[in-house]
Amino acid sequence: MQALRLIDSWPVASVAASIVRPAGVVATRGDTAQPYRIASVAKLLTAYATLVAVEEGTVDLDMPAGPPGATLAHLLSHASGYGFESGASVLAAPGARRIYSNRGIEEAAELVGRAAGMPFADYLAEAVLSPLAMTSTELRGSPAFGIWSTVDDLTRFALELFAPRVLAPETLDEMRAVHFGPIPGVLPGVGRYDPLDWGLGFERNFGRPKHWAGARVSPRTFGHFGGSGTFVWVDPVHAVGCVVLADREVDEWGFTAWPPFCDAVVGESEDAPS
């Protein structure tokens, strides 16, 4: 795809990317085997492992977790009331506002590990990484932002999102659904949205004006970006997905470079067979 050539002009030292469709990988660019810190894209893998634990009966989305009145589902959808930082205090009642929270995801992972009787890193490996042959992906710190991975591995995850094998399709549908909405909130580094929509781990604000993934992705798109210059999204309407990993903290460069790149990816896929 010609869109992939756009990443060559980005102001980063290193970048790699892949484009996928339901039938498989369409194209790649860069060193797709190079590990990067994926920052908040880690939340997708953590949430996916948590839903495996839900399917196994190890935890339940409605079980109390986090601040008083909150549940595991509140933690995964940034609606528990916790603030952003790992040690953040409670800023709102559960379900009142969408407050993007590392602490919420970390507590969800801790709950899964405790219920499963093993470190969450081991559970993640057994539940998600091993079944998807993500052999170069490793949790090295916070399950909210401390995972390292490669484009090759995350491409396998993106393909899973088209045709899930690790989870039942109805469970993935539950993850993609907006939870505790519509409620307002702030998407860090991007701006305020009312509503700010989120599923269980997946951002659901795609297709809105000034979104980081551009204007051509459909509103049914789901995914996440990471502050280290990374993102993953899958658009079921256009039957295309994208994985990008870079090595520069995202600021104005990313929010300038990403939208036209994502628009080009969707544009080239619209008339292509899936």
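Please refer to the structure placed before this passage.
Note that the structure is a prediction, hence the values are computed from the model and not measured.

Colleague: Can you lay out the packing of aromatic side chains for me, pointing to particular residues and giving the numbers?
Modeller: Applying the stated criterion across every chain, the model contains 16 aromatic pairs. Note on tryptophan 212 and phenylalanine 225: the rings are 5.4 Å apart at their centroids and 65 degrees apart in plane angle, and the pair reads as edge-to-face. Taken together, the residues span a long stretch of sequence, with tryptophan 212 in the loop between β8 (191-193) and β9 (222-226) and phenylalanine 225 in strand β9 at a distance of 13 residues. You can call tryptophan 212 buried: its relative accessible area is 1%.

Colleague: Give a description of the side chain of histidine 238 that names residues and reports values.
Modeller: Residue placement: histidine 238 occurs in the loop between β10 (230-235) and β11 (240-246). Ignoring anything within four residues of it in the chain, the contact list for histidine 238 reads Arg21, Arg216, Val217, Ser218, Val266, Ser269 and Glu270.

Colleague: Explain the pairing of β9 residue by residue, including any values.
Modeller: By the criterion of burial, β9 is predominantly enclosed, with 5 of the 5 residues buried. The alternating pattern of β9 places Phe222, His224 and Gly226 on one face and Gly223 and Phe225 on the opposite face, and all of these are buried. Bridge analysis of β9 against β10 gives 5 bridges, and the strand direction is antiparallel. Paired with glycine 223 across the two strands is tryptophan 233, which belongs to β10.

Colleague: For the sheet that holds strand β6 (residues 147-149), give the residues involved together with the corresponding values.
Modeller: With antiparallel pairing, 3 strands are arranged side by side in an open sheet as β3-β6-β5. Looking along the sheet, the strands with just one partner apiece sit at the ends: β3 (36-37) and β5 (138-139). Alignment of β3 against β6, held across 2 bridges, turns out to be antiparallel. Across the sheet, the residue bridging to arginine 37 is tryptophan 148, located in β6.

Colleague: Please provide a residue-by-residue account of the pattern of salt bridges, values included.
Modeller: Applying the stated rule across the entire model yields 10 salt bridges. Between arginine 156 and aspartate 153 there is a salt bridge, with the nearest N and O atoms lying 2.7 Å from each other. Taken together, the residues arginine 156 and aspartate 153, both in helix α5 (residues 151-162) and 3 residues apart, mark about one turn of the helix. Judged by its relative accessible area of 2%, aspartate 153 falls in the buried class. Measuring nitrogen to oxygen at the nearest pair gives 4.0 Å for the salt bridge that ties aspartate 251 to arginine 248.

Colleague: Describe in detail helix α4 (residues 120-129), supporting the description with residues and values.
Modeller: Where α4 is concerned, the buried positions are Phe120, Tyr123, Leu124, Ala127, Val128 and Leu129. One side of α4 carries all its buried residues, which in axial view fall inside an arc of 160 degrees. On its buried face, α4 is in contact with α1 (42-56), α3 (102-116), β5 and β6.

Colleague: Give me the lowdown on helix α7 (residues 252-269), citing residues and values where you can.
Modeller: The end-to-end C-alpha distance of α7 is 27 Å, a good match for the 26 Å that 18 residues give at a rise of 1.5 Å each. Bending of α7 peaks at approximately 25 degrees at the position of tryptophan 258, with proline proline 259 no more than four residues after it. Check the buried side of α7 and you find it contacts β1 (15-21), β9, β10 and β11.

Colleague: How would you explain the sheet that holds β9 if you had to name every residue and give the values?
Modeller: The strand order across the open sheet built from 5 strands is β2-β1-β11-β10-β9, with neighbouring strands paired in antiparallel fashion. The strands lining the two open edges of the sheet, one partner per strand, are β2 (24-29) and β9. Ignoring strand direction, the axes of neighbouring strands in this sheet form an average angle of 10 degrees. Note that β1 and β2 share 5 bridges and pair antiparallel. Bridging across to β2, alanine 17 finds its partner in arginine 29. In the packing of α7 onto the sheet, contacts are made with β1, β9, β10 and β11, and the angle to β10 comes to roughly 30 degrees.

Here is what the cut-offs are and how they apply
Residues numbered from 1 in each chain as written. Predicted model: local features only at pLDDT ≥ 70, side-chain atom pairs only at ≥ 80, totals over all residues. Heavy atoms only, no water. Phe/Tyr/Trp six-rings, centres within 6.5 Å; stacked < 30°, edge-to-face > 60°. Helix = DSSP H or I, 4+ residues; strand = E, 2+ residues; numbered from the N terminus. Buried < 20%, exposed > 50% of the residue type's maximum accessible area, 1.4 Å probe, protein only. Contact = heavy atoms within 4.5 Å. Pairing = 2+ DSSP bridges. Salt bridge = Lys/Arg side-chain N within 4 Å of Asp/Glu carboxyl O. Arc of directions from axis to C-beta. Expected span 1.5 Å × (residues − 1). Bend = angle between axes of the 7 residues up to and from the residue. Axes fitted to C-alpha atoms, helices over the stretch in contact; angles between N-to-C directions.

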